Amino acid sequence: MGNQDTLYVATAALAAAWLTAAFAFFSQLNSKHSKISDFRQDWINNLRAEVSNFISNFNKCVFLQKKRDRSRDQNEEVMRKELDQQFYDTYGLLLQNKIMIHLRLNKNDSDKRLKKLNCELLKSLDDAVLALNENRCPNHDIMNDKIINPAGDILKLEWCRVKRGEVGFIVTYIMCSLILILGVVGLAAIYRTLPQVFY
């Protein structure tokens, strides 16, 4: 085996080791970004659940408040106490939903559109609770829409981010593609020079 043969073998071994190390590194990065996407998907599902629970509890509170006010007019003391208890239990859940949503959303998000939607949703939640506290919910459907519309837009933006992938995942994908292309080109170049060695 001549010096040129040894050079080709060493070059091929180094190229294979380099490609293996690069793919292992990028595989680990991809795994990390895949986990981040999974966490983001869970976050989306949890936000959707919290918003729907908030709306459900808000509507129940409005219903109980109206029913309680009617029972007060009719002097039904026992029924009013039961309604008070149901109202305060539901109101506690409503506040818990509101706090959970506040903790999930970032009012200072770097994405300007998402920041605006987050602030809009948080304000709508606060307005709904304030209206309930002041017993002024004549048309709670309007309040529901003020919550559902920005929440839907937030969920859509976050879902697009999950589908598109994290920035790191995109970079990893591009880098792996480039390494694969370089590896194939390198192997083709080595293969083209090998017949010259044997002649």
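Everything numeric here is computed off the predicted structure, so don't read it as measured data.

Visitor: If you had to explain the overall build of the protein to someone new, which residues and values would you point to?
Guide: Helix and strand counts for the protein come out as 5 helices and 0 strands. Ordering the α and β elements of the protein from the N terminus gives α-α-α-α-α. Within the protein, the proportion of its 199 residues that are buried is 32%. For the protein, the exposed surface amounts to about 13100 Å²; the carbon and sulfur share of it is 60%.

Visitor: Account for the pattern of salt bridges, naming residues and giving values.
Guide: For the structure on display, the rule yields 5 salt bridges. Note that D127 and K123 form a salt bridge whose closest N and O atoms lie 2.9 Å from each other. With D127 and K123 both in helix 3 (residues 112–133), this residue pair falls 4 residues apart, about one helical turn. When salt bridges with common partners are traced through the structure, they connect R68, R80 and D84 into a single cluster.

Visitor: With reference to specific residues and values, describe the confidence of the model for the protein.
Guide: Across the protein, the average pLDDT comes to 81, with 82% of residues at 70 or higher. Per-element confidence in the protein is highest for helix 3, whose mean pLDDT is 93, and lowest for helix 5 (residues 167–198), whose mean pLDDT is 68.

Visitor: Provide a residue-level description of a nonpolar patch on the surface, including the pertinent values.
Guide: Together, V171, Y173, I174, M175 and L178 line one region of the surface with nonpolar side chains, adding up to about 480 Å² of accessible area. Following the sequence through the fold, I174 ends up in helix 5. I174 sits in the partly exposed class, given a relative accessible area of 45%.

Visitor: Give me the lowdown on the environment of D89, citing residues and values where you can.
Guide: Of note, D89 is situated in helix 2 (residues 77–104). According to the relative accessible area criterion, D89 is partly exposed, its value standing at 46%. Each C-alpha atom of the pair D89 and N57 lies 9.8 Å from the other, and the pair is 32 residues apart in sequence.

Visitor: Please provide a residue-by-residue account of the packing of aromatic side chains, values included.
Guide: Tallying each qualifying case throughout the model produces 3 aromatic pairs. Here F54 and F58 contribute two aromatic rings whose centre-to-centre distance is 6.4 Å and whose plane-to-plane angle is 0 degrees, an arrangement assigned as stacked. Taken together, the positions of F54 and F58, both in helix 1 (residues 3–73) and 4 residues apart, correspond to about one turn of that helix. Overall, the relative accessible area of 0% leaves F58 in the buried class. Where F87 meets Y88, the ring centres are 5.3 Å apart and the plane angle is 80 degrees; that geometry is what we call edge-to-face. Cluster of aromatic residues (ring-pair linked, three or more members): F87, Y88 and Y91. A cation over an aromatic ring shows up here: R68 above the ring of F87, its NZ or CZ 4.5 Å from the ring centre.

Visitor: Any chance you could break down a positive patch on the surface for me, citing the residues and the numbers?
Guide: Side chains of R113, K116, K156 and K163 sit close together on the surface and give a patch of like positive charge. Those elements giving two or more residues to the positive patch turn out to be helix 3 and helix 4 (140–164). Turning to its location among the elements, R113 is positioned in helix 3. Using a relative accessible area of 51% as the deciding quantity, one classes R113 as exposed.

Procedures and definitions
Residues numbered from 1 in each chain as written. Predicted model: local features only at pLDDT ≥ 70, side-chain atom pairs only at ≥ 80, totals over all residues. Heavy atoms only, no water. Helix = DSSP H or I, 4+ residues; strand = E, 2+ residues; numbered from the N terminus. Buried < 20%, exposed > 50% of the residue type's maximum accessible area, 1.4 Å probe, protein only. Areas by Shrake-Rupley, 256 points an atom, 1.4 Å probe, with all protein chains shown as cover. Salt bridge = Lys/Arg side-chain N within 4 Å of Asp/Glu carboxyl O. pLDDT = per-residue confidence, 0-100. Patch = residues over 30% accessible without salt bridge, like charges linked within 9 Å, V, L, I, M, F, W, Y side chains within 5 Å. Phe/Tyr/Trp six-rings, centres within 6.5 Å; stacked < 30°, edge-to-face > 60°. Lys NZ or Arg CZ within 6 Å of the ring centre and 35° of its normal. Lys, Arg positive; Asp, Glu negative; His and termini not counted. Charge placed at Lys NZ, Arg CZ, Asp CG, Glu CD.

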